[in-house]
Amino acid sequence: PTKLIMEPVRKVLIFISLFVLLRVDAVDQRQPLYLLNLIPFRDDRPDAGWDEGLELIPAANLAIQHINRSEILKGYELNVINTNSEACQLNNGNDGIVNFVRYSIHSDKNIVGVVGLFCSTSAEKLSPVAGRDGVDLIQIASSNSPEFVLSLEIDPPKYPHLYRTISSTLALSEVVVEMMKSFNWERISVIGEDFSGIPFSSTARAFEMAVNAANDSMELEILLHREISQSYVSPVLIELQKSGGKLVVVSATLETVKRILCDNEVSSTGSGLVYVVLLYSLEEVANACGSKSLEVLESTFFVYFQLFREDNVEIISGENASQFNSSYFKELQRAHKEDQNVNLNGSIYAAHMYDQIWAFALALNRSSSYLNLTDYRYGDANATRIIENELKTLSFEGASGLIQFGPTKEAQTNVYVTLINSDVESQTALYSPITKQFSSSFNKSDIPLDSFQEFHQPLWLVVASYFVATFCFVLVTAVLILHVYFRDSKEIKATSLFLCNLIFLGCYFLCFGLVITITQEGFVLPPLVVTILCNLELWFNFLGIDVIFTTLFVRLLRIYYIFSKFKKLGRLWDDKSLSLIVILVCVGHSVLLIAWTAADTFRYQEEHFITSAGFLSSKQVCHSEFLLLWTILLYVYVSILFVLVIFLAVKTRRIKRQEFKDTKKINAFVFFFFIVLIPSLALWQIFLAQKMYVLAYIFYVIGYTSIILLCEFCLFIPKLIPLSYTRSIMYTVDRLVKL
């Protein structure tokens, strides 16, 4: 019985063993093919730039796994050799060339092509070597130097077998020129670093070509320098300001971008310049700038490539973008366990690493029907031509986007344009180089049509405001004249002509402050003039309110004295003593104003904002570092005076003598002050915070005009009308008697 049971088991085991042996033999029959992956390993040299190639290896391994499990390259097993190409920005490229020769030429492994080459400095040095006659190896890179495109016009070509999964930075200059054409920008300045072998100077020169091809009326200024140091940045930006420059394109290393945007006083103090940063995203620059980023990046454009896809399109491996990312990070964790130098944050170029290897695998697969890939090595120009022809006709959905090499031997990469608006929020559009259009979410209401209009209030509003200010001047002057004319009447004497004149003085202060505000808002003025006007406006407005409320307080205090038990202190209530009280009360406010002006003076600043029509405008404003603190202190002081006025108005409300009954008038003043002035000033601040400057200005004028009108119509005119009427009757009676 045991034999009967064991016999089938033995046969099954034999069958499984034979199947495994045959399968292993089949695997062993697969011929190995090798790709040389030249990526920048960690580099501590001071001039070394980007060196995060270790994070690309998991993406390369993932591509190899997916390809070897797929239905392509039957009979072959694709492998990758990862080695160092040197960090970016190192111009010698020695390690890359040495490793290329070691593995591609002096090796028994048949290297069928080169991938990696994420640094333009490495690609520009190595590609001519790998593509020269007698070597003839294809390279697929993800570097973006415009030299690769510009060199296509050279015969023979400098980079004959170089293909790239990313567009050159020429595409970025084309996007900016498209923005210039669409949004009516007419002048542009390009600041670039003139490093040999680094694409920034080439990008700057490419702007000249793009601008000339697009529109002869565009004005372009190219500023190239070997090294953009701090001492170089500020004078250049100041010169741009003086010459009327506005739009500044920065084509430089991330460290230099940080130096220009975040580390110099010209940019951080409201220079009026709007920057377009090429190649780097908002996140990269914000991380470089640190805590300063929210202040200095306002109204800055970032133009950079879409390095990985965000849709749910199925890519070549059968996964979607989300699944690819998940697989990549799992592979990254495995790599991190083996090598702690691998950063778990991964690389933004991982999708391009993945697509490079898939592109090579697909081209090799197509060529395998014509070629024996096992025999393919460097120097086989005919085989290289066959593989290259297949590569040119490839079109597949990769992890980074559509991979389809055009006439310039590069994939057409979508470009992001991110704008930081005045609320330090970002708006992002996607620009397609194929359709040459922005995505629908980024239209002319998002990007300014004319980014450099100097904002000032509409002419009709300025004229109307001057008319209102003139009316206030005339009204205050007319009431003052009438007040002086009736100075001998008991009603005027009861409230003290001198104290009334102080209130008129406060009204004149507010009138002058109003005229200053209208002038500052209605015209574009030199920075020094704006700074002076801002400080004068501050003094006139606060002193005007201060004098009015202090005088009202002293005026009520005087009436309270007349009908109280303090009559023996009569000398304290004459005009000289009362004026001294007003001065002493105003001293506290004046001390705060002096401290503000001395310690934290209002200074000119140009603020950028987007109007409701979609225009990015610059507005002349004055700003101090502790503006909110000083404003609170000053208004608290005014509020204390306001409460004291209300308190004395209540205390004197029972006085029956008509000429001394100011309580009703002051109560009316306080009532209308609350229902008109407080909401107006509140709306002024709300609209100001929302950058709705026209509405903010309207409510500001309404608020301060209402104080002047309330003073005249609540405190003085009710007394003058009966006096004028009585005087008119007396004059009529006198004439009748004479007749």
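Nothing here was measured: the structure is a model prediction, and the numbers come from that model.

S.K.: For this particular structure, what's the right way to read the overall build of the protein chain?
M.R.: In terms of helices and strands, the protein chain carries 23 helices and 18 strands. In the protein chain, which comprises 739 residues, the proportion classed as buried is 52%. When the accessible surface of the protein chain is totalled, it reaches about 34,700 Å², and 60% of it is carbon and sulfur.

S.K.: Honestly, the state of the cysteines in this entry has me stumped. Any pointers?
M.R.: Applying the stated criterion to the full structure yields one disulfide. Through a disulfide, Cys 88 is tied to Cys 119; the S-S separation comes to 1.9 Å. Across the S-S bond linking Cys 88 and Cys 119, the dihedral sits near -75°, which makes this disulfide left-handed. You can see Cys 88 sitting in the loop between β2 (76-84) and α3 (94-105) and its partner Cys 119 sitting in the loop between β3 (111-116) and α4 (120-131), a full 31 residues away along the chain. Cys 119 gets classed as buried once you look at its relative accessible area, which sits at 1%. Of all cysteine sulfurs, the one in Cys 511 lies closest to Cys 472, which takes part in no disulfide; the gap is 5.2 Å. Cysteine Cys 714 shares no disulfide, and the gap to the nearest cysteine sulfur, in Cys 711, comes to 8.4 Å.

S.K.: Mind showing me how you'd approach a nonpolar patch on the surface here?
M.R.: On the surface, Leu 628, Ile 632, Val 636, Ile 640 and Leu 644 cluster together to form a nonpolar patch covering roughly 450 Å² of accessible area. One can find Val 636 in helix α21 (residues 627-651).

S.K.: Would you explain the pattern of salt bridges in this entry?
M.R.: Pairs may arise between side chains of opposite charge once their charged atoms sit close together. Summed over all chains, the structure comprises eight salt bridges. Put simply, Arg 45 and Glu 86 hold a salt bridge, and the shortest N to O gap is 3.8 Å. Of this pair, Arg 45 sits in the loop between β1 (31-39) and α2 (57-68) while Glu 86 sits in the loop between β2 and α3, and the two are 41 residues apart along the sequence. Classification of Glu 86 by relative accessible area gives buried; the value is 2%. One salt bridge connects Glu 388 with Lys 409, and the closest N-O pair in it is separated by 3.9 Å. Remark: Lys 409 occurs in the loop between β12 (402-403) and β13 (415-420) and Glu 388 occurs in helix α15 (residues 381-392); sequence separation between them is 21 residues. On the basis of relative accessibility, which here comes to 8%, the residue Glu 388 falls in the buried class.

S.K.: Explanation requested: the confidence of the model for the protein chain in the structure shown.
M.R.: The predicted structure's coordinates, where accompanied by low pLDDT, should not be read in detail. Predicted confidence across the protein chain gives a mean pLDDT of 76, with 73% of residues reaching 70 or more. Looking over the protein chain, one finds the lowest element-wise mean pLDDT in helix α10 (residues 265-268), namely 55, and the highest in α2, namely 94. When the criterion is pLDDT under 50, residues 24-28 qualifies, and its contacts beyond four places in sequence or with other chains add up to zero contacts. Between residues 612-616, whose pLDDT stays under 50, and residues either more than four places distant or in other chains, the model counts 23 contacts.

S.K.: I would appreciate a short explanation of the pairing of β13 in the present structure.
M.R.: Side-chain direction in a regular strand flips from residue to residue, so the side chains alternate between the two faces of the sheet. Counting buried positions along β13 yields six of six residues, so the element is predominantly enclosed. Side chains Val 415, Val 417 and Leu 419 of β13 all project onto a buried face; the interleaved residues Tyr 416, Thr 418 and Ile 420 project onto the opposite face, where all are buried too. Both strand β10 (residues 301-305) and β13 contribute to a ladder of five bridges, which runs antiparallel. The partner of Tyr 304 across the bridge, within β13, is Tyr 416.

S.K.: Just checking my understanding: could you explain the nonpolar core for this structure?
M.R.: Side chains that are nonpolar tend, in soluble globular proteins, to be buried together. By size, the foremost hydrophobic cluster in this structure holds 71 residues, and its most contacted members are Leu 73, Leu 78, Phe 100, Met 353, Ile 357 and Leu 391. Per-element tally for this core: the top contributor is helix α14 (residues 350-367), with twelve residues. Setting aside residues no more than four positions away along its own chain, Leu 78 makes contact with Leu 33, Leu 35, Ile 64, Ile 67, Asn 68, Leu 73, Ile 357, Ala 361 and Leu 364. Among the nonpolar cores identified, the runner-up in size contains 50 residues, and Ile 492, Phe 669, Leu 710 and Leu 715 belong to it.

S.K.: Help me understand the packing of aromatic side chains in this model?
M.R.: Two aromatic rings, taken as a pair, are described by how far apart their centres are and by the angle between their planes. Following the criterion strictly, the structure yields 19 aromatic pairs and no others. Taking the centre distance of 4.4 Å and the plane angle of 15° together, the rings of Phe 504 and Phe 716 count as stacked. Note that Phe 504 is positioned in helix α18 (residues 497-522) and Phe 716 in helix α23 (residues 693-738), a separation of 212 residues in sequence. For Phe 504, a relative accessible area of 1% translates into the label buried. Classification of Phe 716 by relative accessible area gives buried; the value is 1%. By the ring-pair criterion, three or more aromatic residues cluster together here, those being Phe 324, Tyr 328, Phe 329, Tyr 354 and Trp 358.

S.K.: Sorry, what's going on with the side chain of Thr 165 here?
M.R.: Structurally, Thr 165 can be placed in the loop between β5 (162-164) and α6 (170-182). Under the relative-accessibility criterion, Thr 165 is labelled buried at 1%. A distance of 2.7 Å separates the side chain of Thr 165 from the side chain of Ser 142, its partner in a polar contact. With residues near it in sequence (within four places) discarded, Thr 165 still touches Ile 140, Ala 141, Ser 142, His 352, Gln 356, Ile 403, Phe 405, Ala 411 and Thr 413.

S.K.: Honestly, the pairing of β10 in this entry has me stumped. Any pointers?
M.R.: Among the five residues of β10, five are classified as buried, and the element is accordingly described as predominantly covered. Residues Phe 301, Val 303 and Phe 305 of β10 are buried on one face, and the alternating residues Phe 302 and Tyr 304, pointing to the opposite face, are buried as well. Across three bridges, strand β9 (residues 274-278) lies against β10 in parallel orientation. By the bridge assignment, Val 276 is partnered in β10 with Phe 301.

S.K.: What's the story with the side chain of Glu 410 in this structure? I'm lost.
M.R.: In this structure, Glu 410 sits in the loop between β12 and β13. The exposure class assigned to Glu 410 is buried, which follows from its relative accessible area of 7%.

S.K.: What is the right way to read the packing of α14 against α15 from this model?
M.R.: What describes two packed helices is the angle between their axes and the distance between those same axes. Look at α14 against α15: their axes get within 8 Å of each other, and the N-to-C directions meet at 120°. By the angle between their directions, the pair α14 and α15 is classed as oblique. Viewed along their axes, α14 and α15 form a crossing whose handedness is right-handed. Residues Ala 359, Ala 363, Leu 364, Arg 366 and Ser 367 of α14 touch α15, and the partners they reach there are Ile 386, Ile 387, Glu 390 and Leu 391. For the contact of α14 with α15, the residue count by class is six nonpolar, one polar and two charged.

S.K.: Would you mind going over unusual backbone geometry with me for this structure?
M.R.: Backbone geometry follows two general trends: most residues other than glycine have a negative phi, and most peptide bonds adopt the trans configuration. Of note, the phi angle at Leu 117 is positive, near 50°, even though the residue is not glycine. Its location among the elements puts Leu 117 in the loop between β3 and α4. Taking the relative accessible area as the measure of exposure, Leu 117 reaches 0% and is therefore buried.

S.K.: What is the right way to read the packing of α2 against helix α13 (residues 321-338) from this model?
M.R.: The geometry of α2 relative to α13 is characterised by a closest axis approach of 9 Å and an angle of 115° between their N-to-C directions. Like other packed secondary-structure pairs, α2 and α13 cross with a definite hand, here right-handed. Here α2 contributes Pro 58, Ala 59, Asn 61, Leu 62 and Gln 65 to the contact with α13, which in turn contributes Phe 324, Ser 327, Tyr 328, Glu 331, Leu 332 and Ala 335. In terms of residue class, the contact of α2 with α13 is made up of seven nonpolar, three polar and one charged.

S.K.: How do you make sense of the environment of Gln 412 when you look at a structure like this?
M.R.: Structurally, Gln 412 can be placed in the loop between β12 and β13. Judged by its relative accessible area of 34%, Gln 412 is partly exposed. Sequence separation of Gln 412 and Ile 434 is 22 residues, and the distance between their C-alpha atoms is 7.2 Å. Once residues within four sequence positions are removed from consideration, Gln 412 is found in contact with Ser 167, Gln 404, Pro 433 and Ile 434.

Criteria and thresholds
- Residues numbered from 1 in each chain as written.
- Predicted model: local features only at pLDDT ≥ 70, side-chain atom pairs only at ≥ 80, totals over all residues.
- Heavy atoms only, no water.
- Helix = DSSP H or I, 4+ residues; strand = E, 2+ residues; numbered from the N terminus.
- Buried < 20%, exposed > 50% of the residue type's maximum accessible area, 1.4 Å probe, protein only.
- Areas by Shrake-Rupley, 256 points an atom, 1.4 Å probe, with all protein chains shown as cover.
- Disulfide = S-S within 2.5 Å.
- Patch = residues over 30% accessible without salt bridge, like charges linked within 9 Å, V, L, I, M, F, W, Y side chains within 5 Å.
- Salt bridge = Lys/Arg side-chain N within 4 Å of Asp/Glu carboxyl O.
- pLDDT = per-residue confidence, 0-100.
- Contact = heavy atoms within 4.5 Å.
- Pairing = 2+ DSSP bridges.
- Core = buried A, V, L, I, M, F, W, Y, C linked by side-chain atoms within 4.5 Å.
- Phe/Tyr/Trp six-rings, centres within 6.5 Å; stacked < 30°, edge-to-face > 60°.
- Polar contact = N/O pair within 3.5 Å; in protein donor to acceptor, adjacent residues only side chain to side chain.
- Axes fitted to C-alpha atoms, helices over the stretch in contact; angles between N-to-C directions.
- Parallel < 35°, antiparallel > 145°, perpendicular 65-115°, else oblique.
- Left-handed = near helix turned anticlockwise from the far one by under 90°.
- Nonpolar A, V, L, I, M, F, W, Y, C, P; charged D, E, K, R; others polar.

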